[in-house]
Each structure stands twice: as structure tokens, then as C-alpha cells.
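What follows is the residue order along each chain.
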Amino acid sequence: MLQRTLFRASRQAARPVQRIQPAFAPITRAAPAIRWYSDAAPAEAKKEVEAADQTKDASAQLKEQLEKKDKEVIDLKDKYLRSVADYRNLQERTKREIQAAKDFALQRFARDLVESVDNLDRALTTVDSAKLTSENPDLVTLHDGIKMTDGILISTLKKHGLERFDPSVENEKFNPNVHEAVFQTPMPDKEDGVCFHTQQKGFLLNGRVLRAAKVGVVKNA
């Protein structure tokens, strides 16, 4: 009996002591979270701002350059158009001058030639038409030859731009640009201001007055 009792007592002594757990676990407070701020974020933001400013500056410079180039293009286009217009005007002016030189190259020669034509015309007008009969065959032949020569000469001169005109033939109105009034006289049967007599016929060279016709003009008023 004593041995059993000692054995039980030794066994109980050998058992570990169990702690009684409380019904409610104690509340523990968590340590506050610590935020860490990095120095890299402000640097990156600063770089972005600087990059944006540089982009704005570059854009402004490009815009300014484009506006400047546009102005240069407009100026160059205006100068080009003016140069083309001046060149065309020069061409037209040169063309007119060349044509005028061709048209009036023989002007001095034509003035001298007109005197010879006048002499032929005077020779025809001095012959009395009453004498141009069969009784004077030599005179008729001479008159016809001078008349034929005058006609051929006038036709040849006309081909080269020299024309003779007689205002009294068609009773033309007096024109100070092509007529020279030598005298005026009243004529009731004719209209006022009409060229009724031609003292000297006029000449035109390529449509330009080479010599004005000397005429007598009707003045009834």
C-alpha cells in the first residue's frame, strides 16, 4: 500500500502544471503604420514641369518661325508676281517698239517721196480736160501715161502702208487731227463744217498721219 501511494505521488509530481487560460484574450494594440516619403517623387515632378515648359517654349518658337516663313513666302510670291508682270510689260513694250520701228522706219523716206507723188498729181490737174481730145493724141497719151504711173505708184505705196486721201471727195467733216483748214467760206447748199475743197491731199503711214490734208471748210454761221 505504501509503495502504491508513493508511486502515485511521484507521478502527480512529474505531471506538468497546466495554466488556466482566461475566458477572454487580452486586447493588444497594433503599432501605428509608419509612412515613408521618398525624395525621388518631387524630383520627377520637377523634371516633368521643366519638360512641359521646354515643350511650350519649343512650340512657341516653332509657331514664330512658321509665321516668319509664311511672311517670307508671301513677300517672295508678291515679288515673283511683280517680276512676272514687269517682264510681261517689258515684252509688250519691246514688241510695240519693234513694231513701231518697222512701221515707221521709212517715215523720212516716205515724206520725201510724197513730194514726187504731189508733182504727178499736179501734172494731172494742170491739164485742161477740154484739150484731151483726138485732136491732141500726144497730150492724151502723155496724160494717160502720167495717170497710169500715178495709179501704180499709189497702189505700190499702199501695199507698204502709205495711203493718200482726199477729204473733199466724200465731203468729210473737218477733223483737226487729219485736216488743216486753209480757208473758210459760206456755202448755203452745203453743210456747215464740211471739207468742200482740197488744196493739197493728205497721207497716212500705217494709219498714222504723215501729212495733214490742206482743205477749205464750209462756214455758214
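Calculation notes
Residues numbered from 1 in each chain as written. Predicted model: local features only at pLDDT ≥ 70, side-chain atom pairs only at ≥ 80, totals over all residues. Heavy atoms only, no water. Helix = DSSP H or I, 4+ residues; strand = E, 2+ residues; numbered from the N terminus. Contact = heavy atoms within 4.5 Å. Areas by Shrake-Rupley, 256 points an atom, 1.4 Å probe, with all protein chains shown as cover. UniProt positions renumbered as here; feature names shortened; annotations may be inferred. Salt bridge = Lys/Arg side-chain N within 4 Å of Asp/Glu carboxyl O. Buried < 20%, exposed > 50% of the residue type's maximum accessible area, 1.4 Å probe, protein only.

It is worth spelling out the overall build of the protein at this point. Counting secondary structure elements, the protein contains four helices and six strands. Reading the helices (α) and strands (β) of the protein from amino to carboxyl end gives α-α-α-α-β-β-β-β-β-β. In the protein, 62% of the contacts between residues at least 6 apart in sequence involve partners at least 24 apart. For the protein, the exposed surface amounts to about 18900 Å²; the carbon and sulfur share of it is 55%.

For the rest of this paragraph, the subject is the UniProt feature "coiled-coil region" (unreviewed entry) in the protein. The positions UniProt marks with the feature "coiled-coil region" (unreviewed entry) are residues 49-79. End C-alpha to end C-alpha, residues 49-79 measures 45 Å, and it is 100% helix and 0% strand.

For Asn-171, which is not a glycine, the phi torsion comes out positive at approximately 50 degrees. Positionally, Asn-171 belongs in the loop between strand S1 (162-165) and strand S2 (179-185). The phi dihedral of Asn-206 falls on the positive side, at around 55 degrees, and the residue is not glycine.

To continue, consider the environment of His-160. As for its placement among the helices and strands, His-160 is situated in the loop between helix H4 (137-159) and S1. Note: C-alpha distance between His-160 and Leu-106 (54 residues apart in sequence) is 9.5 Å. Leave out the neighbours within four places in its chain, and His-160 touches Leu-205 and Asn-206.

The full count for this structure, using the stated rule, is six salt bridges. Its salt-bridge partner being Asp-121, residue Lys-201 comes within 3.4 Å of it at the nearest N-O pair. A residue pair is termed long-range when its members are at least 10 positions apart, and Lys-201 in the loop between strand S3 (195-200) and strand S4 (202-205) and Asp-121 in helix H3 (residues 107-126) qualify at 80 residues. Given a relative accessible area of 17%, Asp-121 falls into the buried group. We note a salt bridge from Lys-173 to Glu-191, for which the minimum N-O separation is 3.1 Å. Pair noted here: Lys-173 is in the loop between S1 and S2 and Glu-191 is in the loop between S2 and S3, with a separation of 18 residues, a long-range link.

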